[in-house]
Amino acid sequence: MSRELTCCFTGHRPEKLPWGINEGDSRCVLLKKKLYDAVEAAYGEGIRHFICGMARGCDFYFAEAVLALRREYPDITLEAAIPCAGQSASWSLEHRTRWSALVEQCDKKTVLQEYFTMVMLVDTAACTESIGDMADILHQAGEEQGLSIRIQREDIFNAMHRI
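What's the story with the nonpolar core in this structure? I'm lost.
Proteins that are soluble and globular tend to have nonpolar side chains buried together. Ranked by size, the top nonpolar core spans 29 residues in total, and within it V39, F50, M54, Y61, V66, L78 and W99 carry the most contacts. Residue assignment for this core shows that the elements contributing at least two residues are α1 (26–44), β2 (49–52), α2 (58–72), β3 (77–82) and α3 (93–105). Examining the composition of this core, we find that nine residues originate from one element, α2, more than from any other. Those residues in contact with M54 that lie beyond four places of it in its chain are D59, F60, A80, A81, I82, Q87, W91, W99, L102 and V103.

Structural data, given as structure tokens:
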């Protein structure tokens, strides 16, 4: 029994692309063509299962290339690797609609976790604020963006996560 070959993809968001959200830009059109060609080449090498991170920008382009090729090669499968249940919740209506349409066409949907979580280790040696004041500032900034931002001392974090 041979192991199934899989291609996974995630890429830049529109904010990191020189053309932003202008998908009519010739560079974007060229990138989409190159992604399509790369997916077709991967198919030619035996890859049938494709996994996409489903973020705005290049992930959308990749998913659309896979779905376009699936019309020609019906044995292709596309899996949405959704990082958290509310992945598209803060996006524009246009992006949420596009995301929903892409996810709906996927053969499999895998939600990795209920909430998006990020842990950052930050050097605060040069900070003049107390940890309590930093917590208040970050809490306020988070509320303004619809996020929950918490700060914790590294020694306490390490003690909590040590078995």
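What is the right way to read the packing of α2 against α3 from this model?
A packed helix pair is summarised by two numbers, namely the angle formed by the two axes and the spacing between the axes. At a closest axis distance of 11 Å, the pairing of α2 and α3 adopts a crossing angle of 40°. Classified by the angle their axes make, α2 and α3 are oblique. The handedness of the crossing between α2 and α3 is left-handed. Contact with α2, carried on its side by F60, Y61, A63, E64, L67 and R70, involves H95, R98, W99, L102 and Q105 of α3 and no other residues of that element. Along the lines of polarity and charge, the residues of the contact of α2 with α3 split into six nonpolar, two polar and three charged.

What am I meant to see in the packing of α1 against α2 here?
For the pair α1 and α2, the least separation of the axes is 9 Å and the interaxial angle reads 50°. The angle between α1 and α2 falls in the class oblique. Where α1 crosses over α2, the two elements pack in a sense that is right-handed. Here α1 contributes C28, L31, K32, L35, Y36, V39 and E40 to the contact with α2, which in turn contributes C58, Y61, F62, A65, V66, A68, L69 and E72. Along the lines of polarity and charge, the residues of the contact of α1 with α2 split into twelve nonpolar, no polar and three charged.

Just checking my understanding: could you explain the sheet that holds β3 for this structure?
By way of backbone hydrogen bonds, the strands of a sheet pair with one another, either parallel or antiparallel. Reading across from one edge, β1-β2-β3-β4 is the order of the four strands in this open sheet, with parallel pairing throughout. Only two strands of the sheet have a single neighbouring strand rather than two, namely β1 (6–9) and β4 (108–111). With strand direction ignored, the average angle separating the axes of adjacent strands in the sheet is 20°. For β3 and β4, the ladder comprises four bridges, and the chain directions are parallel. Within the sheet, the bridge partner assigned to A81 lies in β4 and is T110. The sheet contacts of α2 involve β1, β2 and β3, and relative to β2 the element is tilted by about 155°.

The rules behind these values
Residues numbered from 1 in each chain as written. Predicted model: local features only at pLDDT ≥ 70, side-chain atom pairs only at ≥ 80, totals over all residues. Heavy atoms only, no water. Core = buried A, V, L, I, M, F, W, Y, C linked by side-chain atoms within 4.5 Å. Buried < 20%, exposed > 50% of the residue type's maximum accessible area, 1.4 Å probe, protein only. Helix = DSSP H or I, 4+ residues; strand = E, 2+ residues; numbered from the N terminus. Contact = heavy atoms within 4.5 Å. Axes fitted to C-alpha atoms, helices over the stretch in contact; angles between N-to-C directions. Parallel < 35°, antiparallel > 145°, perpendicular 65-115°, else oblique. Left-handed = near helix turned anticlockwise from the far one by under 90°. Nonpolar A, V, L, I, M, F, W, Y, C, P; charged D, E, K, R; others polar. Pairing = 2+ DSSP bridges.

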